[in-house]
Structures are given as structure tokens and as C-alpha cells.
Amino acid sequence: MERVVAVDWSGDRSAAGQRKKIWAGVWTAEAGGRVRLESGRTRVEVAEWLIEMARETPRMVVGFDFCFSFPEWFVRGEMGCADAPAFWELVEREHGEQWLAAGCVDPRFWGRAGAGRGGKRPVEFSGERLHRMLRATDIDCKIAAVIPEAERAARVKGIAPKSVFQIGGAGSVGTASLRGMPVLKRLREAGFAVWPFDRAGLKRPMVVEMYTRLNTGAVRKSNAAARAAYLLRKRKEDAAYAALPRGVMEKARGSEDAFDALVSCMVMTARRAEFARLRAPKDPGYRVEGWTWAPGVR
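Because the structure is predicted, anything quoted here is derived from the model rather than measured.

Draft legend 1. Fine view of the overall build of the protein. From N to C terminus, the protein includes 13 helices and seven strands. Buried positions account for 52% of the 298 residues belonging to the protein. Restricting to contacts in the protein with at least 6 residues of sequence separation, those with at least 24 account for 64%. Entry remark: accessible area of the protein is about 13,400 Å², with carbon and sulfur atoms responsible for 50%.

In C-alpha cells:
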């Protein structure tokens, strides 16, 4: 890969919010490798920016930190979609904003006032049915974070992937995911391979789903002092961090979103040789549910 882009996404409705919260860490191979950290774009503008960069550098991989699909029982059984790309079409054309609207009649979308049971997790996703709100890859991420594997980059205790049905509250990913799926559709139409729905390779730019917590490891990212200490330690331990421009480090210290984008970019860059040979996941539902790329796991 000649270019790596890690995007810390946002489901914010306003253009101003998107330009503030969406950050991208970008590594390019030219001049021995260069990293920059950027914000200031809306979701639509990010898609067009990525398409333009792919014209310059087709051997490019992009990581987004939102869920690329929903559980199979919902996508296929409830919505009648054969795979995730068909579901993206449905989300963009009809259901996405309906599920996010105040007073949504579908109680399975929960986490904020006016949604579900006053924002509380529905009974359908409680007790023995808790697993229904997660995809197979969400469960895999949680298990993999506490069970060390030989090739895994880091062990993260207490990790708890959120359900894509949760559209509000701390750490929720549902809103960002529903507003990110039309971007996946746009990129795929522009020639990007979206893994694992499309085969990995070097013939065209590709997109993967990432989980920033698996990239950063255990750190209190919301705390500026903790971010600064993490980055200082990385500069001492890792030559790639030591070579980063001062301005990039300042941005990452100043914002949790920028921090996630930078660290994810650095992890993806260190692992860039893996992306062209990513294999299809073993779980048979991956074409419907998608799969999260994890460092060192192929």
C-alpha cells in the first residue's frame, strides 16, 4: 500500500459538527513516508476527498471506525437484504434517517430520549437475548481483546464493543454507522473494494472497518494528560512516532478524535503489508454482517 488513511468518523447531523469531529490520519509512501492529520470535512466531502486521492494513489487502504452492517437476523430476516451492500441501499433510500428520527417507532433502536423505551435497552436485547444486538465480529473483538493470541498487537482488558442498534449514549456507534453506510455505497460505486464484501488486493483502493480501541490499547483517551503521556511514551519507544511533525502531535494531544485517527493510522501503516492479502473471515455470515479488521489477525 502506498497510502493509508484512518478516519475517526462522526454521525453528527450538522455540517459544522462533522467538520469539527471527523479526523483523518494520512500516511503516504513518498519521501520515505509522511504522516498528516486533518479535519474540516463533512461526510460527503470526505468521500469525494478519498475518491480523488485514490485516483492519484490507487494502492490505498482506508479504515473507518463505524459498523459496516447489522446482525444477519435483522439485515436478511427483517429487511430482506441478501448482503450488506443491498442493506446500504435500503438505509440510504428509505430507513436510515427514519430509525434515527426522534420518536422512532422501532423500539430496537435505543440509547437516547425519544428512542425505544425512553432510551433504555429493549427487553429484546436483554438477558439470554443480549447477543442478538451484536454481530459475530463484535463478539469476536470482545473475546479477542481478553484472550491473547500470538499475532495480536495488544491486549485490551474490559473492552466492550457497542451494539449498532444503540443510537445514543456513551460510546454509541449506531448513528455514525447509519450515516456512514451511504458513504460506503458511494466509495464502492467509485471503484473501492469494501472488505470483506469484496476481495482484498492491490488492484484497487480498499476500505476496512476498524475498532479504534484495538489500535490504541488501554488508555483514557478522553483525558488530555493521558493522551499526552501515551504519545510521549510512543515517541520514546517507536521511531515512527519520533519522526512525526510537531504539529501532528499537538493535534493528537488536543483532541480525542484526532488522537484516535493518528494512532489508528500509525497501526495500519505498520501493518500495511497485510491488507492486500486479507482473507475472507471464517464466519459464514460475514457477507451480511461484515467483519472488523484487527491488527495482526489475517
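There is more to say, and it comes next.
Draft legend 2. View of the packing of helix H10 (residues 246-254) against helix H11 (residues 256-270). Viewed as axis vectors pointing N to C, H10 and H11 meet at an angle of 125°, and their least axial separation amounts to 5 Å. Taken together, H10 and H11 sit at an angle that is classed as oblique. Contacts between H10 and H11 involve Val248, Met249, Lys251 and Ala252 from the first element and Ala258, Phe259 and Leu262 from the second. When the residues that make up the contact of H10 with H11 are grouped by side-chain class, the tally is six nonpolar, no polar and one charged.

Draft legend 3. Fine view of the nonpolar core. One finds Val5, Leu50, Phe64 and Phe70 to be the most contacted residues of the largest nonpolar core, which totals 50 residues. Every element with two or more residues in this core is listed here: strand S1 (3-8), strand S2 (23-28), helix H2 (43-56), strand S4 (60-64), helix H3 (72-78), helix H4 (84-100) and helix H6 (174-189). Val61, Leu231, Ala261 and Met268 belong to the second-largest nonpolar core, a separate cluster that totals 34 residues.

Draft legend 4. Main features of the confidence of the model for the protein. When the pLDDT values of the protein are averaged, the result is 88; 89% of them are 70 or greater. pLDDT under 50 marks residues 143-158. Its contacts with residues more than four places away, or in other chains, come to 25 contacts.

Draft legend 5. Structural context of the environment of Val75. Checked against the element boundaries, Val75 lands in helix H3. Placed 213 residues apart in sequence, Val75 and Val288 show a C-alpha to C-alpha distance of 7.0 Å. Excluding residues within four positions of it along the chain, Val75 makes contact with Ser69, Phe70, Gly80, Cys81, Asp83, Phe87 and Val288.

Draft legend 6. The arrangement of helix H8 (residues 224-237) in detail. With 14 residues, H8 extends 20 Å from end C-alpha to end C-alpha; this agrees with the ideal 20 Å at 1.5 Å per step. Here H8 has its buried residues at Arg227, Tyr230 and Leu231. Looking straight down H8, one finds that the buried residues subtend no more than 95° of arc, so they occupy a single side. Facing away from the buried surface of H8 by more than 90 degrees, the exposed residues are Ala225 and Lys236. Contacts from the buried residues of H8 go to helix H7 (212-216), helix H9 (239-242), H10 and H11. Capping of H8 at its N-terminal end is provided by Asn223; its side-chain oxygen lies 3.0 Å from the backbone amide nitrogen of Ala225.

Draft legend 7. Quick look at the pairing of S4. A large share of S4 lies buried, amounting to five of its five residues. Of the two faces of S4, the one carrying Met60, Val62 and Phe64 and the one carrying Val61 and Gly63 are both buried. Pairing analysis gives five bridges linking S1 to S4, with the strands arranged parallel. Counted as the bridge partner of Ala6 is Gly63 from S4.

Draft legend 8. Highlighting the environment of Leu232. Structurally, Leu232 can be placed in helix H8. The spacing of Leu232 and Arg253 is 21 residues in sequence and 9.9 Å in space, taken between C-alpha atoms.

Draft legend 9. Focus on the packing of aromatic side chains. All chains considered together, the criterion is met by 23 aromatic pairs. Note on Tyr230 and Phe259: the rings are 5.2 Å apart at their centroids and 70° apart in plane angle, and the pair reads as edge-to-face. Of the two residues, Tyr230 is situated in helix H8 and Phe259 in helix H11; the sequence distance between them amounts to 29 residues. Judged by its relative accessible area of 4%, Tyr230 falls in the buried class. These aromatic residues form a ring-pair network of at least three members: Phe70, Trp73, Phe74, Phe87, Trp99, Phe109, Phe125 and Phe165. For the cation-ring pair, Arg41 lies above Trp49, with the distance from its terminal atom to the ring centre recorded as 3.9 Å. Over the ring of Trp73 we find Arg132, and its NZ or CZ is 4.0 Å from the ring centre.

Conventions used here
- Residues numbered from 1 in each chain as written.
- Predicted model: local features only at pLDDT ≥ 70, side-chain atom pairs only at ≥ 80, totals over all residues.
- Heavy atoms only, no water.
- Helix = DSSP H or I, 4+ residues; strand = E, 2+ residues; numbered from the N terminus.
- Buried < 20%, exposed > 50% of the residue type's maximum accessible area, 1.4 Å probe, protein only.
- Contact = heavy atoms within 4.5 Å.
- Areas by Shrake-Rupley, 256 points an atom, 1.4 Å probe, with all protein chains shown as cover.
- Axes fitted to C-alpha atoms, helices over the stretch in contact; angles between N-to-C directions.
- Parallel < 35°, antiparallel > 145°, perpendicular 65-115°, else oblique.
- Nonpolar A, V, L, I, M, F, W, Y, C, P; charged D, E, K, R; others polar.
- Core = buried A, V, L, I, M, F, W, Y, C linked by side-chain atoms within 4.5 Å.
- pLDDT = per-residue confidence, 0-100.
- Expected span 1.5 Å × (residues − 1).
- Arc of directions from axis to C-beta.
- Polar contact = N/O pair within 3.5 Å; in protein donor to acceptor, adjacent residues only side chain to side chain.
- Pairing = 2+ DSSP bridges.
- Phe/Tyr/Trp six-rings, centres within 6.5 Å; stacked < 30°, edge-to-face > 60°.
- Lys NZ or Arg CZ within 6 Å of the ring centre and 35° of its normal.

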